[in-house]
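One-letter residues, chain by chain:
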Amino acid sequence: MKEWRAEKLMPGALIPVGGTARQYKTGGWRSEHPVWDERACKQCFLCWIYCPDGSIKVRDGKVIGIDYDYCKGCGICANECPADAIKMAEGGEPNG
Amino acid sequence: MAKLTEKIVAITGNAAVAQAMRQINPDVVAAYPITPQTDIAETFAEFVADGLVDTEYVTVESEHSAMSACVGASAAGARVMTATSSQGLALMWEILYIAAGMRLPITMTNVNRCLSAPINIHCDHSDSMGARDSGWIQIYSENAQEAYDNVIQAIRIAEHKSVLLPVMVNMDGFIVSHSIERVELLDDEVVKRFVGEYKPVYPLLDVENPVTHGPFDGLGGFYFEHKKAQIEAIERSRKVVLDVADEFKRISGREYGCFEPYRLDDAEVALVVLNSAAGTSKCVVDAMREEGYPVGILKLRVFRPFLARELSEALKHLKAVAILERATSPGSFGPLYAEIRSALYDLEARPKMVNLIYGLGGREFRPEHAKEAFGVCLKVAQTKRVEKPLGYLGLKEVEVIS
């Protein structure tokens with residue numbers, strides 16, 4: 001991606017590069033965060049189906065955790081999980 | 001419709017604007033083709049169907065969508081035009097601000113017609129006056145010739161690299177839009193050369209050089225700075241409007257400024273008018289001058305940007321000025337009066353000013369109304385007192401039940 005600083009104002013707030021949404025992590029809104037328990041997880045994928053923001057990480061056909069870059073902390077995954085493998089914890093940051 | 005080659009024709013204001021659009025041959029026109037649209041969009045659609053232009057004509061389901069499609073096409077890198085009127089302009093409101101904020105050089109003709117209620121489709125300036133804060137350059141036209149000339153000049157003003165802003169060309173609904181007048185058309189080739197080829201700076205469709213149009217710029221960002229930059233751009237358009245007018249004079253012989261003084265230099269009282277009322281008022285000026293009255297008019301052509309300094313300079317020698325206004329701001333004065341009066345505030349000596357509302361909902365503006373307005377001015381000049389700052393011309397005597 002080309003060099004570009006937000007302070008360099010372009011006409012109409014134009015950004016002279018593309019794909020800038022990639023740099024914008026929207027997970028900062030959380031007041032609670034989901035904690036996934038790998039041992040309790042039955043790999044039923046209900047959390048993956050229900051997550052409104054595509055923030056359940058999957059690799060090689062298996063749930064491997066939460067994408068905290070984009071998770072908004074809405075708690076739907078914890079609510080839907082039939083195995084109690086996802087619980088909501090206080091605070092926005094998983095390690096905070 | 002046959003291709004027009006005659007230089008002097010008898011056509012309506014709408015047809016004149018459609019001819020200008022045919023000669024400009026824009027890449028995209030997006031319009032909602034049903035009422036309150038005028039036959040500008042209809043006539044231009046015929047040109048598209050007849051293969052007289054290369055334009056992609058997008059018919060949409062509302063004016064909100066029409067302006068949205070214009071924004072998209074302009075960001076993509078196209079030269080974009082449209083036309084609207086009245087409620088149609090009102091429905092575009094949200095997107096007008098986006099077009100200006102994104103600095104997209106869209107050219108739109110607005111046929112000035114009133115806003116409901118009561119339901120009425122006739123001439124007044126409530127539509128464009130309501131859009132005065134949207135960031136669009138606003139140019140007003142006295143007759144069909146001026147509407148034609150202004151549309152051609154608007155392309156150059158909008159696309160000037162120091163401006164990059166949308167331009168709205170206004171003309172009076174029905175009085176000009178639907179009346180047949182003598183119009184001098186320029187040759188197709190002359191217009192084509194004058195508007196030139198549009199070279200967008202950052203077209204969205206240039207996939208080799210990807211850019212982002214219309215991004216989020218929130219609380220911690222630079223929204224404020226972008227608005228300041230937009231203000232500076234419309235300030236720069238003052239010079240561009242005059243430069244383009246100079247160049248236009250060379251191809252047409254017709255002269256344009258930001259406003260037109262008519263027998264104003266040696267006048268003691270004057271009217272400030274927009275659009276077709278200027279023609280009627282000029283006739284009255286001539287007649288009253290014959291009788292020895294020191295009257296004149298100032299016809300405003302460019303309302304945005306607002307030329308505060310130039311207008312105060314042009315009006316400062318007068319004893320009384322009436323701002324004629326075909327719009328209201330209920331609970332306050334008309335927008336034109338408020339701004340012109342404010343422009344003259346810092347003068348040591350300034351004319352007395354009154355605001356006269358006329359012609360709402362298409363009520364006719366007749367010579368006797370201009371004469372009545374001059375009468376008000378002459379009385380104010382004589383007594384040096386404004387008894388009623390806000391008055392009305394041409395109201396019917398009726399019983400109003402509150």
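Residues numbered from 1 in each chain as written. Chains lettered and ligands numbered in written order. Predicted model: local features only at pLDDT ≥ 70, side-chain atom pairs only at ≥ 80, totals over all residues. Heavy atoms only, no water.

Residue and element names in this part refer to chain B. The seven strands lie next to each other as 3-2-4-5-7-6-12, forming an open sheet whose pairing is mixed. Two strands in the sheet have a free side with no partner beyond their single neighbour: strand 3 (56-59) and strand 12 (302-304). On average, adjacent strands in this sheet sit at an angle of 20 degrees to one another, irrespective of strand direction. Summarising the sheet, strand 5 (residues 107-112) and strand 7 (residues 167-172) pair through six bridges and their orientation is parallel. When the sheet's bridge partners are listed, Met108 is paired in strand 7 with Met168. Along the sheet, helix 4 (residues 86-101) contacts strand 4 (80-85), strand 5 and strand 7; its crossing angle with strand 4, the most-contacted strand, is approximately 130 degrees. (Pairing = 2+ DSSP bridges. Helix = DSSP H or I, 4+ residues; strand = E, 2+ residues; numbered from the N terminus. Axes fitted to C-alpha atoms, helices over the stretch in contact; angles between N-to-C directions. Contact = heavy atoms within 4.5 Å.)

Glancing now at unusual backbone geometry. Residue and element names in this part refer to chain B. Of the consecutive residues Ser116 and Ala117, the connecting peptide bond is found in the cis state with omega at 5 degrees. Looking at the secondary structure, you find Ala117 in the loop between strand 5 and helix 5 (126-130). In this model, Ala117 is joined to Pro118 through a cis peptide bond whose omega is -5 degrees. If you trace the backbone, Pro118 turns up in the loop between strand 5 and helix 5.

Our focus in this paragraph is the domain arrangement of chain B. Residue and element names in this part refer to chain B. By domain assignment, chain B separates into domain 1 (7-252) and domain 2 (259-393). Both faces considered, domain 1 and domain 2 share a buried interface measuring about 2,200 Å² in area, 52% of it formed by carbon and sulfur atoms. Area buried by domain 1 at its contact with domain 2 is led by Arg132, Glu142 and Arg238, which between them contribute 28% of it. Counting every contact that joins domain 1 to domain 2 gives four salt bridges. Between Lys299 and Glu142 there is a salt bridge whose closest N-O contact spans 2.8 Å. Inspection of the region where domain 1 meets domain 2 yields 20 residue pairs in polar contact (both at pLDDT 80 or more). Top contributing element to the side of domain 1 that touches domain 2 by residue count: strand 6 (residues 137-141), with five residues. A breakdown of the residues in the side of domain 1 that touches domain 2 according to their chemical character gives 12 nonpolar, 11 polar and seven charged. (Domains from an automatic or database assignment. Buried area = accessible area lost by both parts, 1.4 Å probe. Salt bridge = Lys/Arg side-chain N within 4 Å of Asp/Glu carboxyl O. Polar contact = N/O pair within 3.5 Å; in protein donor to acceptor, adjacent residues only side chain to side chain. Nonpolar A, V, L, I, M, F, W, Y, C, P; charged D, E, K, R; others polar.)

Residues and elements named next belong to chain A. Together, Trp48, Ile49, Tyr50, Val58 and Ile76 make up an exposed nonpolar region whose accessible area comes to about 470 Å². The dominant element in the nonpolar patch, judged by the number of residues it contributes, is helix 1 (residues 46-50), at three residues. Relative to the helices and strands, Trp48 is located in helix 1. (Patch = residues over 30% accessible without salt bridge, like charges linked within 9 Å, V, L, I, M, F, W, Y side chains within 5 Å. Areas by Shrake-Rupley, 256 points an atom, 1.4 Å probe, with all protein chains shown as cover.)

Moving on: the packing of helix 1 (residues 13-24) of chain B against helix 7 (residues 188-195) of chain B. Residues and elements named next belong to chain B. The N-to-C vectors of helix 1 and helix 7 enclose an angle of 70 degrees; their axes lie 8 Å apart at closest approach. In terms of axis orientation, helix 1 runs roughly perpendicular to helix 7. For the crossing formed where helix 1 meets helix 7, the hand is right-handed. Judged by residue contacts, Arg22, Gln23 and Ile24 of helix 1 engage Asp188, Val191 and Val195 from helix 7. The class makeup of the residues in the contact of helix 1 with helix 7 is three nonpolar, one polar and two charged. (Parallel < 35°, antiparallel > 145°, perpendicular 65-115°, else oblique. Left-handed = near helix turned anticlockwise from the far one by under 90°.)

So, on to the side chain of Arg22(B). Turning to its location among the elements, Arg22(B) is positioned in helix 1. Separated by 2.9 Å, the side chains of Arg22(B) and Asp188(B) make a polar contact.

On to the packing of helix 6 (residues 144-159) of chain B against helix 8 (residues 223-252) of chain B, then. Residue and element names in this part refer to chain B. Where helix 6 contacts helix 8, the axes come no closer than 10 Å and their chain directions differ by 125 degrees. Looking at the two axes, helix 6 sits oblique to helix 8. Along this stretch, helix 6 crosses helix 8, giving a crossing that reads as right-handed. Contact residues: helix 6 offers Asp149, Ile152, Gln153, Arg156 and Ile157, while helix 8 offers Val240, Val241, Val244, Ala245, Glu247 and Phe248. For the contact of helix 6 with helix 8, the class distribution of residues is seven nonpolar, one polar and three charged.

Attention now moves to the packing of aromatic side chains. Each aromatic ring pair is summarised here by two numbers: the centre-to-centre distance and the angle between the ring planes. Residues and elements named next belong to chain B. For the coordinates displayed, the defined rule picks out 10 aromatic pairs over all chains. Considering the side-chain rings of Phe194 and Phe248, the 5.7 Å spacing of their centres and the 75 degrees angle between planes classify their relative orientation as edge-to-face. Separated by 54 residues along the polypeptide, Phe194 in helix 7 and Phe248 in helix 8 bring together distant segments of the chain. Of the two residues examined, Phe194 and Phe248, each falls in the buried class. Each ring, one from Phe333 and one from Tyr337, has its centre 4.9 Å from the other, and the planes form 50 degrees; the classification is tilted. Judged by its relative accessible area of 29%, Phe333 is partly exposed. On the basis of relative accessible area, Tyr337 is assigned to the buried category, the value being 1%. (Phe/Tyr/Trp six-rings, centres within 6.5 Å; stacked < 30°, edge-to-face > 60°. Buried < 20%, exposed > 50% of the residue type's maximum accessible area, 1.4 Å probe, protein only.)

A separate point is the sheet that holds strand 15 (residues 390-393) of chain B. Residues and elements named next belong to chain B. The sheet built from six strands is open, its strands ordered 9-11-10-13-14-15 with mixed pairing. Both edges of this open sheet fall to strand 9 (259-262) and strand 15, since each of them pairs with a single strand only. Taking the axes of each pair of neighbouring strands and ignoring which way they run, one obtains an average angle of 25 degrees across the sheet. In the sheet, strand 13 (residues 320-325) pairs with strand 14 (residues 352-358) via six bridges, with the strands oriented parallel. The residue of strand 14 that forms the bridge with Ile323 is Asn355. Where helix 9 (residues 277-290) meets the sheet, its contacts fall on strand 9, strand 10 (269-273), strand 11 (295-300) and strand 14, and the angle it forms with strand 11 comes to roughly 165 degrees. Docked against the sheet, helix 12 (residues 367-383) engages strand 10, strand 11, strand 13, strand 14 and strand 15, running at close to 135 degrees with respect to strand 10.

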